[in-house]
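Chains, contacts and geometry: an overview
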Amino acid sequence: MGLLAFFRRSPATASLAKERLRIIVAQERSTRDGPDYLPLLRRELLEVIRKYVNVDPEAIQINLEREDGHEVLELSVALPEKGAAE
Amino acid sequence: MSEIIVVTSGKGGVGKTTTSASIACGLARRGKRVAVLDFDVGLRNLDLVMGCERRVVYDFVNVINGDCTLKQALIKDKRIDSLFVLAASQTRDKEALSREGVRRVLDELIADGFDYIVCDSPAGIEKGAHLAMYFADRAIVVVNPEVSSVRDSDRILGLLASKTERAEKGESPVKEHLLLTRYSPRRVGSGEMMSVDDVKEILGIEVIGVIPESPDVLSASNAGTPVILNSESDAAMAYEDAVARLLGDTVPLRFLEERKRGFLARVFGG
Ligand SMILES: Nc1ncnc2c1ncn2[C@@H]1O[C@H](COP(=O)(O)OP(=O)(O)OP(=O)(O)O)[C@@H](O)[C@H]1O
Ligand SMILES: [Mg+2]
């Protein structure tokens, strides 16, 4: 490490990386061996919801939970704060 | 009993070939009979890292097509008696490796009494990567402490659990090991890089080794001498530990902390 590098500290972004990975990996795992239509379903749901409120793709979470023998498709939509939609 | 080990990652350029070469050397130096196979059709690299590129006469595809025998194609290492390399083909035809062809080669190696067969996977999740993992008993998943590498390796874990012979036949699953490489203790210390515990927590598999970022890896590949043979190097010692763990020893992780250096060395040092 040279003189410059010693004084120019890089920001501590490792925790950010970990948090992002935690979310995306959990999401990808839960839909991994789910039906092939999930991505399409997600896209079409997004389009329908957007007719009413302007949500971000990130606001839609789809999870496939397996509970003793049956599967539950869990959908959550985070609505924008009032006034922030437009 | 032979064991087939795939070295895989999803993401390219993370250190699979470096790892395959060093793990194969390390196992062979402990007296095991080892064959290391390059599955990267079209982008042969293992021969260079192993330093046997000028002795390649026949390759993996030649054996499958019956152009030569397996014995003719296996290149005997000049440093370690019990180590053999099978080079990848430089053909542009990615379909040249077939599942049945690969199975025949592996069966012949097993019948020939090899203890370990190390499969160096190409990057990606296409045919080559799929064939490299299909017959595996164990997988070494090579990961860099970086978001895209971690995410890709999680996809590879998904494939290991579903798209291998063990999975398809409902046998006991492929044993999965995490090998974290290009690890920089200094950057982990300053919070710039995810730690081994972070990555382990996300992927949820056991750690077989942590290899530090090291300039010795480049000099090793320049010279065609797998880095594990450079006994001065931290990377070599870390690979040696990984080999010991693969053989069932319990060895604590090393090189996770930044080496203590004085203030002046930190300001002016290299
Ligand atoms: N511990 C390390 N320290 C420093 N450099 C490293 C380390 N491990 C690997 N490298 C470098 O990373 C590069 C990629 O390594 P390598 O060829 O082993 O990766 P790979 O996963 O096999 O790539 P590909 O996906 O193309 O097959 C090389 O330049 C190598 O020297
Ligand atoms: Mg490679």
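Look above for the structure.
Values in this document were obtained by computation on a predicted structure and should not be read as measured data.

1. Side note on the overall build of chain A
When helices and strands are tallied, chain A shows 3 helices and 2 strands. Out of the 86 residues in chain A, the part that is buried amounts to 22%. A total accessible area of about 6600 Å² is found for chain A, and carbon and sulfur atoms account for 54% of it.

2. Focus on the site of ligand 1
Residue and element names in this part refer to chain B. The local shell around ligand 1 holds 16 residues, among which Gly 13, Lys 16, Thr 17, Thr 18 and Ser 214 are the closest. At 2.8 Å from an oxygen atom of ligand 1 is found a side-chain nitrogen or oxygen belonging to Lys 16. In isolation ligand 1 exposes 630 Å². Once the protein is present, 79% of that is buried. Within the residue set of the shell around ligand 1, elements represented by two or more residues are helix 1 (16-29), strand 7 (175-183) and strand 8 (206-212). Broken down by class, the residue content of the shell around ligand 1 amounts to 5 nonpolar, 7 polar and 4 charged.

3. Side note on the pattern of salt bridges
Note that side chains of opposite charge can pair when their charged atoms are close. All names here are of chain B. Within the structure shown, the criterion is met by 21 salt bridges over all chains. For Lys 169, the salt bridge goes to Glu 165, with nearest N and O atoms at 3.6 Å. For Lys 169, a relative accessible area of 54% puts it in the exposed group. We note a salt bridge from Glu 213 to Arg 182, for which the minimum N-O separation is 2.9 Å. With Glu 213 in the loop between strand 8 and helix 11 (216-223) and Arg 182 in strand 7, the pair connects residues that are 31 residues apart, well separated along the chain. We classify Arg 182 as partly exposed; its relative accessible area is 41%.

4. Considerations on the state of the cysteines
This model, assessed by the stated rule, comprises 0 disulfides over all chains. Cysteine Cys68(B) shares no disulfide, and the gap to the nearest cysteine sulfur, in Cys52(B), comes to 15 Å.

5. Quick word on unusual backbone geometry
All names here are of chain B. Although it is not a glycine, Arg 182 sits at a positive phi angle of roughly 60°. The phi angle at Phe 255 is positive, at roughly 60°, despite the residue not being glycine. Tracing the backbone shows Phe 255 in the loop between helix 12 (234-246) and helix 13 (263-268).

Definitions and limits used
- Residues numbered from 1 in each chain as written.
- Chains lettered and ligands numbered in written order.
- Predicted model: local features only at pLDDT ≥ 70, side-chain atom pairs only at ≥ 80, totals over all residues.
- Heavy atoms only, no water.
- Helix = DSSP H or I, 4+ residues; strand = E, 2+ residues; numbered from the N terminus.
- Buried < 20%, exposed > 50% of the residue type's maximum accessible area, 1.4 Å probe, protein only.
- Areas by Shrake-Rupley, 256 points an atom, 1.4 Å probe, with all protein chains shown as cover.
- Near = heavy atom within 4 Å.
- Polar contact = N/O pair within 3.5 Å; in protein donor to acceptor, adjacent residues only side chain to side chain.
- Nonpolar A, V, L, I, M, F, W, Y, C, P; charged D, E, K, R; others polar.
- Salt bridge = Lys/Arg side-chain N within 4 Å of Asp/Glu carboxyl O.
- Disulfide = S-S within 2.5 Å.

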